[in-house]
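If you want the building blocks of each chain, they are given just below.
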Amino acid sequence: MSSPFHPDVMTAWNRGFEAGAKQQNELDTQLMMEWLGKLEEIPGIGPKTAARIREHYLEFMRERRERNER
């Protein structure tokens, strides 16, 4: 019987976890981009407000990515 802390088991676990996290991130991004593309469908949000929301979101994500890269 192999220990769950065996290096080979931990390597496989980490690879699987990283692959799952990457896929979830891609799906989350795809969903958010779809939502941002439909902002004008929300009552009261016109092209100007939608553009401001999109700009704010993209700026927020850029700042977050820069913080994570440090």
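The preceding data block contains the structure.
Overview of the structure. (Residues numbered from 1 in each chain as written. Predicted model: local features only at pLDDT ≥ 70, side-chain atom pairs only at ≥ 80, totals over all residues. Heavy atoms only, no water.)

This brings us to the pattern of salt bridges. In this structure the tally under the stated criterion is 4 salt bridges. Ionic pairing is found between Lys 38 and Glu 34, a salt bridge with its closest N-O pair at 3.7 Å. Judged by its relative accessible area of 39%, Lys 38 falls in the partly exposed class. Linked through salt bridges whose partners overlap, the residues forming this network are Glu 59, Arg 62 and Glu 66. (Salt bridge = Lys/Arg side-chain N within 4 Å of Asp/Glu carboxyl O. Buried < 20%, exposed > 50% of the residue type's maximum accessible area, 1.4 Å probe, protein only.)

What follows is about the nonpolar core. By size, the foremost hydrophobic cluster in this structure holds 5 residues: Leu 36, Leu 39, Ile 45, Ala 50 and Tyr 57. When neighbours within four sequence positions are excluded, Ala 50 is seen to be in contact with Leu 39, Glu 40 and Ile 45. (Core = buried A, V, L, I, M, F, W, Y, C linked by side-chain atoms within 4.5 Å. Contact = heavy atoms within 4.5 Å.)

Right, let's talk about the environment of Met 33 for a bit. Note that Met 33 resides in helix α1 (residues 7-37). With 22 residues separating them in the primary sequence, Met 33 and Thr 11 have C-alpha atoms 33 Å apart. (Helix = DSSP H or I, 4+ residues; strand = E, 2+ residues; numbered from the N terminus.)

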